[in-house]
Amino acid sequence: MDYIIDGGKRLGGEISVYGAKNCALALLGATVLTNDTVVLQNCPQIEDVNNMLRLLKAMGKKVQRKSDTVQIFGGLCTTSAPWQYATLIRGSALILGSTLARYHSIDLPLPGGCAIGARPMDIHLLGLEAMGVTVEETPDSLHCFGIPKGTNYNLRFASVGATENLLCASVLAKGESVFTNCATEPEVVALEQMLVAMGADIQGIGTTTLVINGVDRLHGAVFNVIPDRIVAATYLAATVATCGDVTITNCRPAHLTAFIDLLRPHFAIIEYEDAIRLTVEKQPSSYGNVTTAPYPLFPTDMQSLLMSLAAFSNGGQTTICEKLFENRLQHNAQELAKMGAHIDVKDDFAKVYGRGLHGATVQAHDLRGGAGLVVAALNAEGRSRVRDVEHVNRGYSNLAQNLVSIGAKITVID
Ligand code: EPZ
């Protein structure tokens, strides 16, 4: 599937954000912790969530979906994650901790690295071993077994997935667990809150130190998936690209302060608790020097959006240092160059020289990179074709239709 985008159409009006992919995936992984019904509201209708539901159903969970509400209940009939689903998404790794907590065994095909980097799981596995779990690894799968016990464990890096897996492994474990240097992304905090709503005993919610006392069982809950901060940032970037005037609703500006702070010096911004209005008159010359880092600093998932904004900025230089994923700069720099961008990439560092862009045919390589290319095409002079937007559909619900609803000119070619 491709997008044909005619650039230069000013975006205007109001657009709503939906539930966050990376929150929904973590919460769905945690549903393995109980047979009771868990109801997820504001659950996004995107490919990665659909594949996670297929995986859980294939392992025995009962799933009912009605628009943005998902009900999931029942127990697993197997602890072996079917290869055809588990390898489709990284999110499948998020059943590791919950399955071990409840069933004390799991066979998980490794989702493997993807376009953005190797994405090892050593932090997850060392933590599970510290909890007394035996881990047997082959090049493409994991076999883990044992009854997780409370432990103290310091994460060598504030890994989002490792924090989520260790949290799920500990909530039913005998004894107390103290995890330090935990991730504090909003999606991780939402998982902590849902686990407490299910009856877990967790102290330190939202901080880098989590203290969990295991309980005998967890019960069902009704929980709202938090708004997708990356989608909100994408809509902001699209507004900048077209010198638009857009109000983004059903979002949490407090969850994307690092991105908003980059825009604030250059544009008119009105922030509400669950909405933000951005009015753009002209492109700034530069966005300064930005380094990606764990929350609340500048998120790696917004890096491709920034690269596009910098590429069509007005004559200045922006530098981007990508510290999280080793292969997340090069591809978009090459694709944006087809639009006339001047971006020098060396190792984890990109120097972007702002200039006008022209339409071109470019290739989406991964989810966030694809979104960055769409933003660049909205700004470019003339017509662009963004190839293989299936990558984008993994994490965005109807991105083209949503942008068209506020004035973009995009044709979807199946
Ligand atoms: C989550 O991935 C997100 N995915 C990613 O979003 C996001 O980019 C990332 O967090 C960082 O914010 C989901 O939540 C499903 P990490 P995750 O563990 O958990 C290294 C998207 O497009 N690391 O915080 O895999 C790792 O290689 C995706 O929505 C280890 O070395 O990220 C990376 O360099 C892309 N060993 C860094 O840590 C480990 O055991 C951050 O990884 C785990 C991670």
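Structure: above.
Residues numbered from 1 in each chain as written. Predicted model: local features only at pLDDT ≥ 70, side-chain atom pairs only at ≥ 80, totals over all residues. Heavy atoms only, no water.

Thoughts on the overall build of the protein
Helix and strand content of the protein: 14 helices and 23 strands. A compact globule built from 414 residues would reach a C-alpha radius of gyration of about 22 Å, and the protein, at 21 Å, matches this within 12%. By the burial criterion, 58% of the 414 residues in the protein qualify as buried. Excluding contacts between residues fewer than 6 apart, the proportion of contacts in the protein whose partners are at least 24 apart in sequence is 72%. (Helix = DSSP H or I, 4+ residues; strand = E, 2+ residues; numbered from the N terminus. Rg over C-alpha atoms; globule rule 2.2 N^0.38 Å. Buried < 20%, exposed > 50% of the residue type's maximum accessible area, 1.4 Å probe, protein only. Contact = heavy atoms within 4.5 Å.)

Here we look at the packing of helix α1 (residues 21-30) against helix α2 (residues 47-58)
Closest axis-to-axis distance for the α1/α2 pair is 10 Å, and the angle between their directions is 10 degrees. Looking at the two axes, α1 sits roughly parallel to α2. In contact with K21, A24, L25, L28 and G29 of α1, α2 contributes D48, V49, M52, L53 and L56. Each residue belonging to the contact of α1 with α2 can be placed in one class, and the counts come to seven nonpolar, one polar and two charged. (Axes fitted to C-alpha atoms, helices over the stretch in contact; angles between N-to-C directions. Parallel < 35°, antiparallel > 145°, perpendicular 65-115°, else oblique. Nonpolar A, V, L, I, M, F, W, Y, C, P; charged D, E, K, R; others polar.)

Here we look at the site of the ligand
Close to the ligand lie 23 residues; D122, I123, S159, D301 and L324 are nearest. At a separation of 3.4 Å, an oxygen atom of the ligand approaches a polar backbone atom of P120. Contact with the protein chains hides 89% of the accessible area of the ligand, taken as 820 Å² for the molecule alone. At the level of elements, α1, α5 (122-130), α6 (160-170) and α12 (367-379) are the ones that each hand at least two residues to the shell around the ligand. Among the residues forming the shell around the ligand, the class breakdown is ten nonpolar, five polar and eight charged. (Near = heavy atom within 4 Å. Polar contact = N/O pair within 3.5 Å; in protein donor to acceptor, adjacent residues only side chain to side chain. Areas by Shrake-Rupley, 256 points an atom, 1.4 Å probe, with all protein chains shown as cover.)

Observations concerning the packing of aromatic side chains
Going through the model one piece at a time under the given rule, you end up with one aromatic pair. When the centroid spacing of 6.1 Å and the interplanar angle of 35 degrees are considered together, the rings of F259 and F298 count as tilted. On the criterion of sequence distance, the pair formed by F259 in helix α9 (residues 257-263) and F298 in the loop between β17 (289-291) and α10 (303-311) is long-range, its members being 39 residues apart. A single burial state applies to F259 and to F298, both of which are buried. (Phe/Tyr/Trp six-rings, centres within 6.5 Å; stacked < 30°, edge-to-face > 60°.)

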